[in-house]
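Structural description and commentary
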Amino acid sequence: MENCIFCKINNREIPSYKVYEDEQVYAFLDISQVTPGHTLVIPKTHVTDIFEYDETLAAAVFARIPKIARAIEKAFPEIEGLNIINNNKELAYQSVFHSHVHLIPRYSKDDDFKIHFGNHAENYTGEELAAIAEKIGKQVN
Ligand code: AMP
Ligand code: ZN
């Protein structure tokens, strides 16, 4: 897609630090290096976000994630964890609108990555949770 920075990276119109590629995906270092080894995996086909994937493209991209994760672990045996993040739309911190998956190696509690999961379990009854699950579930097709 024209004017898409990650399409340009995939087409070698702008440089990147390649980690892995095959016919379906391209993986390269995130320039911000939130932690050392921070890698992005993109589909070579332009899709904006998770809502645009079909199952074939999703299978291709997400099937590659574990082997790239293992490669990071082998390259940095000192890592103690790995966060896999996929931001979708601006409110959810997406800033590049060619879908990508972040693989962020974790070295310690004090490395420069933070995530916060609020816990609101006490605000819901079992019936309310069942209604939410049903509301989503019936839209899956
Ligand atoms: P997100 O905020 O989830 O959309 O992530 C976009 C990521 O792309 C950010 O972490 C940026 O550091 C990264 N990024 C932007 N431009 C480049 C580039 N030219 N090469 C590598 N990473 C980039
Ligand atoms: Zn693109």
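Here the structure is a predicted model, which means the values were calculated and not measured. (Residues numbered from 1 in each chain as written. Chains lettered and ligands numbered in written order. Predicted model: local features only at pLDDT ≥ 70, side-chain atom pairs only at ≥ 80, totals over all residues. Heavy atoms only, no water.)

A short note on the overall build of the chain
A count of helices and strands for the chain gives 3 helices and 5 strands. Tracing the chain from N to C terminus, the helices and strands come up as α-β-β-β-α-β-β-α. C-alpha atoms of the chain, sized along the principal axes, occupy 50 × 35 × 25 Å. Taking all 141 residues of the chain together, 35% fall into the buried category. Of the contacts formed within the chain by residues at least 6 apart in sequence, a portion of 53% connects residues at least 24 apart. Accessible area for the chain stands at about 9,700 Å²; split by element, carbon and sulfur atoms hold 55% of it. (Helix = DSSP H or I, 4+ residues; strand = E, 2+ residues; numbered from the N terminus. Buried < 20%, exposed > 50% of the residue type's maximum accessible area, 1.4 Å probe, protein only. Contact = heavy atoms within 4.5 Å. Areas by Shrake-Rupley, 256 points an atom, 1.4 Å probe, with all protein chains shown as cover.)

With respect to the site of ligand 1
Contacts to ligand 1 come from 16 residues, most closely from Asp30, Asn87, Tyr93, Ser95 and His102. The backbone of Val96 places a nitrogen or oxygen atom 3.0 Å from an oxygen atom of ligand 1. Here His100 contributes a side-chain N or O atom positioned 2.9 Å from an oxygen atom of ligand 1. Summarising the interface, the protein chains cover 81% of the accessible area of ligand 1, which totals 510 Å² for the free molecule. Among the secondary structure elements, those contributing two or more residues to the shell around ligand 1 are helix H1 (5-10) and strand E2 (25-29). In terms of residues, the shell around ligand 1 owes the most to one element, H1, which gives 3 residues. (Near = heavy atom within 4 Å. Polar contact = N/O pair within 3.5 Å; in protein donor to acceptor, adjacent residues only side chain to side chain.)

Quick look at the coordination of the zinc ion (ligand 2)
Protein coordination at the zinc ion (ligand 2) comes from Cys4 (SG), Cys7 (SG), His46 (ND1) and His98 (ND1), with a distance range of 2.0 to 2.3 Å. All donors of the zinc ion (ligand 2) belong to a single chain; written as a sequence motif, their spacing is C-x2-C-x38-H-x51-H. Residues Cys4 and Cys7 agree in their burial class; the two are buried. (Donors = N, O, S within 2.8 Å, 3.2 Å for Na, K, Ca; no water.)

Digging into the nonpolar core
Counting 15 residues, the largest nonpolar core has Val41, Ile68 and Leu103 as its most contacted members. Only E2, helix H2 (55-75) and strand E5 (101-106) provide two or more residues apiece to this core. Ranked by the residues each element gives to this core, the list is headed by H2, at 6 residues. Not counting residues up to four positions away in its chain, the partners in contact with Ile68 are Tyr20, Ala27, Thr39, Val41 and Leu103. Counting 9 residues, the second-largest nonpolar core is a separate cluster that includes Phe6, Cys7, Ile9 and Val96. (Core = buried A, V, L, I, M, F, W, Y, C linked by side-chain atoms within 4.5 Å.)

Topic: the pairing of strand E1 (residues 18-21)
As paired elements, E1 and E2 share 3 bridges and run antiparallel to each other. Of the residues in E2, the one forming a bridge with Tyr20 is Ala27. The hairpin formed by E1 and E2 contains 3 residues between the paired strands. (Pairing = 2+ DSSP bridges.)

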